[in-house]
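# Chains, contacts and geometry: an overview
Chain by chain, the residues run as shown.
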Amino acid sequence: MKIKKYVAGILLAGMLTSFASLAQAASFTTSMQDGPFFLKEDIGYDETFQSYNASISLSKALAARAVDSYVLPYFQKKGIQLSTEQAEAIAFGAMELSDYKSVLEPGGIVVSGTGTIADESKMDAVFANKRYMDGYILTVRYIYKLDVELAEPEKEYKQNPNDDTASEVQRVLCKYWHPYFKLLFMRNYWKNQDFTVTVTQDDAKITETPGNEHPDCLVTTASKGELLHTMTPASDGKSKGYVEVITADGEQGYINSANVKWNF
């Protein structure tokens, strides 16, 4: 922050400089461009897949920028030593994405955006949510595992492009959809903290379809006191008997409205 106004007196100038430093330390902002993410529909890299891939990649890259300069120092001051994985998880959850742009260029999709952590207290809330922290780390580890699995089929395709080798690339790419949606749901969970319900009983079931508690339809369970994100108003949820929700670890499904209390 630049102070353009002339300030008389060394003491006053020093005080204003200190205040400016404190204000800067209380938030973090970074912008970047990522890509191009090339398109090759015959092996699964179509515009839809690469749009999701680009969005996730940009969000993770922006969050990674906050790790060393913002997240780790903040928690070190509190006497908490974090791993890089934990710090990235905190940054991803606490960061707001704005000015997002996706442009289709001759070389593929290019994305850009700005990531901001406006409030340090948001990082405390994210870190305290064990379900989210564990879910983010496991999901990202799974994506890294898929990246390793994908390397060999892509190599085979480049050396010998045909239907069989293309099919192997497509087979692995299909596995990315679930973790990508989980990360997007995690981002929405933290972005929409004004729209939550609190679970009022232990082991409340969240199912794939409304009102279906068959074991094969079970997505996950939620604990008493857990916050779930929803955009369903209380009047609609109570009349229908179910609520569409997102958990902190990015699972999406339906919960019985009798098992939650609305917070909005």
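Above this text you will find the structure in question.
Described in the following lines is the structure provided in the data block.

The rules behind each value
- Residues numbered from 1 in each chain as written.
- Predicted model: local features only at pLDDT ≥ 70, side-chain atom pairs only at ≥ 80, totals over all residues.
- Heavy atoms only, no water.
- Core = buried A, V, L, I, M, F, W, Y, C linked by side-chain atoms within 4.5 Å.
- Buried < 20%, exposed > 50% of the residue type's maximum accessible area, 1.4 Å probe, protein only.
- Helix = DSSP H or I, 4+ residues; strand = E, 2+ residues; numbered from the N terminus.
- Salt bridge = Lys/Arg side-chain N within 4 Å of Asp/Glu carboxyl O.
- Polar contact = N/O pair within 3.5 Å; in protein donor to acceptor, adjacent residues only side chain to side chain.
- Phe/Tyr/Trp six-rings, centres within 6.5 Å; stacked < 30°, edge-to-face > 60°.
- Pairing = 2+ DSSP bridges.
- Axes fitted to C-alpha atoms, helices over the stretch in contact; angles between N-to-C directions.
- Contact = heavy atoms within 4.5 Å.
- Expected span 1.5 Å × (residues − 1).
- Bend = angle between axes of the 7 residues up to and from the residue.

## Topic: the nonpolar core
Within the largest apolar cluster, 53 residues are counted, with the highest numbers of intra-cluster contacts made by Val71, Ile117, Met123, Tyr132, Tyr136 and Tyr176. At the level of elements, β1 (28-37), α2 (47-77), α3 (84-94), β3 (108-117), α4 (120-128), α5 (130-159), α6 (163-173) and α7 (177-191) are the ones that each hand at least two residues to this core. Of the residues forming this core, the biggest block, 13 residues, is contributed by α2. Residues Ala204, Ile206, Val243 and Ile255 belong to the second largest nonpolar core, which totals eleven residues.

## Concerning the pattern of salt bridges
Applying the stated criterion to the full structure yields ten salt bridges. In this structure, aspartate 42 engages lysine 40 in a salt bridge whose closest nitrogen and oxygen atoms are separated by 3.8 Å. You can call aspartate 42 partly exposed: its relative accessible area is 40%. Of the charged contacts, one joins lysine 175 and glutamate 149 as a salt bridge, the two residues approaching to 2.7 Å between their closest N and O atoms. On the criterion of sequence distance, the pair formed by lysine 175 in the loop between α6 and α7 and glutamate 149 in helix α5 is long-range, its members being 26 residues apart. Taking the relative accessible area as the measure of exposure, lysine 175 reaches 30% and is therefore partly exposed. Of the residues examined, glutamate 149 reaches a relative accessible area of 28% and is grouped as partly exposed. In the salt-bridge network here, residues are joined through shared partners; they are Glu149, Glu168, Arg171 and Lys175.

## Describing the environment of glutamine 193
The topology assignment puts glutamine 193 in the loop between α7 and β4 (196-199). Sequence-wise, glutamine 193 and glycine 241 are 48 residues apart; in three dimensions their C-alpha atoms are separated by 22 Å. For glutamine 193, the side chain forms a polar contact with the main-chain oxygen of tyrosine 189, separated by 2.7 Å.

## As for the packing of aromatic side chains
Per the counting criterion, the structure on display carries 19 aromatic pairs. On the numbers, 5.3 Å between centres and 75 degrees between planes, the contact of phenylalanine 195 with phenylalanine 264 is edge-to-face. Residue phenylalanine 195 is located in the loop between α7 and β4, and its partner phenylalanine 264 is located in the segment after β10 (260-262); the two are separated by 69 residues in the primary sequence. When its relative accessible area of 32% is taken as the criterion, phenylalanine 195 is described as partly exposed.

## Points about the sheet that holds strand β2 (residues 96-105)
Spatially, β1-β3-β2 is the arrangement adopted by the three strands of the open sheet, whose pairing is antiparallel. Either end of the sheet is taken by a strand with one partner, and the two such strands are β1 and β2. Going from strand to strand, the sheet's axes swing by 10 degrees on average, the running direction of each strand aside. For β1 and β3, the ladder comprises eight bridges, and the chain directions are antiparallel. Looking across to β3, one finds that phenylalanine 37 is bridged to isoleucine 109. Strand contacts of α2: β1, β2 and β3, with the helix running at about 145 degrees to β1, the strand carrying the most contacts.

## Re α2
For α2, built from 31 residues, the straight-helix expectation of 45 Å at 1.5 Å per residue is met to within 8% by its first-to-last C-alpha distance of 44 Å. Of all bends in α2, the biggest is about 65 degrees, found at valine 67. Positive phi appears at glycine 79, one or two residues downstream of α2, with a value of about 80 degrees.

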